[in-house]
Every structure is written in structure tokens, then in C-alpha cells.
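Chain residues, written in single-letter form:
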Amino acid sequence: MFSQLEIENLLIFLLNPINNHKQHLTDSHRIEVIKNHRQWEKTTLDEKHNPFYKTISTTVKPRVKQQSDKLLIGLKPITLREMNSRKDHVYTGRVLSVTIIEETLSWIPSIHLVIEDANFDCERMLIYGILEEEGEYLISKLYTVGKKIHIINPYLRIGANDMKPSIRVDDISSIVMQSKSEWILNICRYCCEAGASKFCGKCKQAYYCSKECQTKDWKLYNHKLICKS
């Protein structure tokens, strides 16, 4: 049973989805996740242009085992806010549906994403066990900005080094792509709305709904870190 306060909050969310989304755009956790991801992206770009600069990726074994189901049938949906962000836990029998909102990075043997769920909550996601020959295809063709995916039996992992939460996947078969009709085309890199018609004049990679979105993306999320002509 829901409390009266929970029902009122749910009604507010359902009746004001646009305002709710705008509030989440300035959420401190979201800003931290995106800025950190873009700092890693800058490091990756620096590495590509500097033969003496090397990034070493290591893998720490998962604390708990994630079972892989092949089908979505019978699974119950779950959102990021329903997960305990302070505890390692595999949510067996559940499915987390998200949108990829940042460029995917490859640090073999893992790839790094930033995801947003239906509540506009944001988190980092790490996929392990990636073969070197698979990395480029996965980041440039499959797991690209605006794509929507289902994560079966999602594992919320607390980082061994930074003690921060992430969604960890050790078996790539537990990720199911949503249908193409669900993808967000020309996603705005700030507000994540579809159909953005403007783009950054310098990098010509980031699309925006408006000058306001571009300015906020530059100031809040540090687009300047990854903006290359």
C-alpha cells in the first residue's frame, strides 16, 4: 500500500513530467556522473593523440553473481531509485529499462556508459568481459547515444576503489536492445529530448534543442572537455 504522501508525489510527477525532468537536469548526482564520464572521455581522446599516454583498465571480480535470463517475460520493471545505492545487490527477476545519454567509452576489457531511466534518474553503467575485437563495434554501432536498452537482473555494484554506485554487467547477453521505434533520434545532449536541430559549431557532434541547452551543457556538464574541432 502507498502512503498518502507517496500517492501525492506520484500524482505530481505524472502531471508535471516536463518540470520534473528540468529539475533532474541540475541534480548534483547527475552532474557528477556526466562530468566524470566526460573527463574519462577526454582522457581517452588524449591517449589516442599521444603515443606515450596510456590508460590501464583493470577488472575487480564481482562480489555477487548475476544470473542471466534470456527473456523479458515474467520480469518486473525496476527503476534506479528503487535500488539501494549503498549496497551491492543483484535484482533478480527484475528488468531496468534505460536510455544511453552519453558517448560510450571502451577501456578494454570493459565499456563505460551513462544511462537515464524513466524517472530521469542518471547513473553510470559498466559492461565487463569485452573482447578487444568487439570494443569498437559496441561503442560506435550498438551502444550509441539515444539507444534504449533493457538490463535483465540488474546488478547495482559499489565501486571497489571509489565506493560509488554503478550498474554492472558481466554477461552481455543480459542486455536486450529496445526496438528502433523507441530510440531517441537527434537527442539533445543537455535535456535528452528528441529532434534537436542545432549542433555545436566547434565539434559538430553534440546536438541541442536551443542555445540555452548548449550554454547549460557547457557550464554544468563541461562539454568543453570533449569539444574538439
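All residue numbers refer to position in the chain's written sequence, counted from 1. Reporting of local features is limited, given that this is a predicted model, to residues whose pLDDT is at least 70; pairs of side-chain atoms are given and counted only at 80 or more, and all residues count toward the totals for whole chains, interfaces and linings. By convention in this description, side-chain values take in all heavy atoms of the structure and omit both hydrogens and water.

The name given to the chain in an unreviewed UniProt entry is MYND-type domain-containing protein, with Adineta steineri as the source organism.

**What about the pairing of strand β5 (residues 110–117)?**
Our working rule: For every residue, the accessible area (1.4 Å probe, protein chains only) is compared with the maximum for its type, and the residue is labelled buried under 20%, exposed over 50%, or partly exposed between those bounds. The helix count covers DSSP runs of H or I at least four residues long, the strand count covers runs of E at least two residues long, and both are numbered beginning at the N terminus. Two strands are counted as paired when DSSP detects at least two bridges linking them.
Across the 8 residues that make up β5, a large majority, 8, are buried. Burial along β5 is two-sided: Ser110, His112, Val114 and Glu116 facing one way and Ile111, Leu113, Ile115 and Asp117 facing the other are all buried. Here 3 bridges tie strand β3 (residues 94–100) to β5, and the two strands are oriented antiparallel to one another. Within β5, the residue paired with Ile100 across the bridge is Ile115. Bridging between strand β4 (residues 105–107) and β5 involves 3 bridges; their strand directions are antiparallel. Bridge assignment links Ser106 to a residue of β5, and that residue is Ile111. A loop of 2 residues connects β4 with β5, the two strands running antiparallel in sequence. Sheet topology note: the β5/strand β6 (residues 122–128) ladder contains 7 bridges and is antiparallel. By the bridge assignment, Ser110 is partnered in β6 with Tyr128.

**Topic: unusual backbone geometry**
Look at Asn186: it is not a glycine, yet its phi comes out positive at around 50°. Checked against the element boundaries, Asn186 lands in the loop between β10 (175–177) and β11 (198–199). Owing to a relative accessible area of 44%, Asn186 belongs among the partly exposed residues under this scheme. The phi angle at Cys192 is positive, at roughly 70°, despite the residue not being glycine. Among the secondary structure elements, Cys192 is positioned in the loop between β10 and β11.

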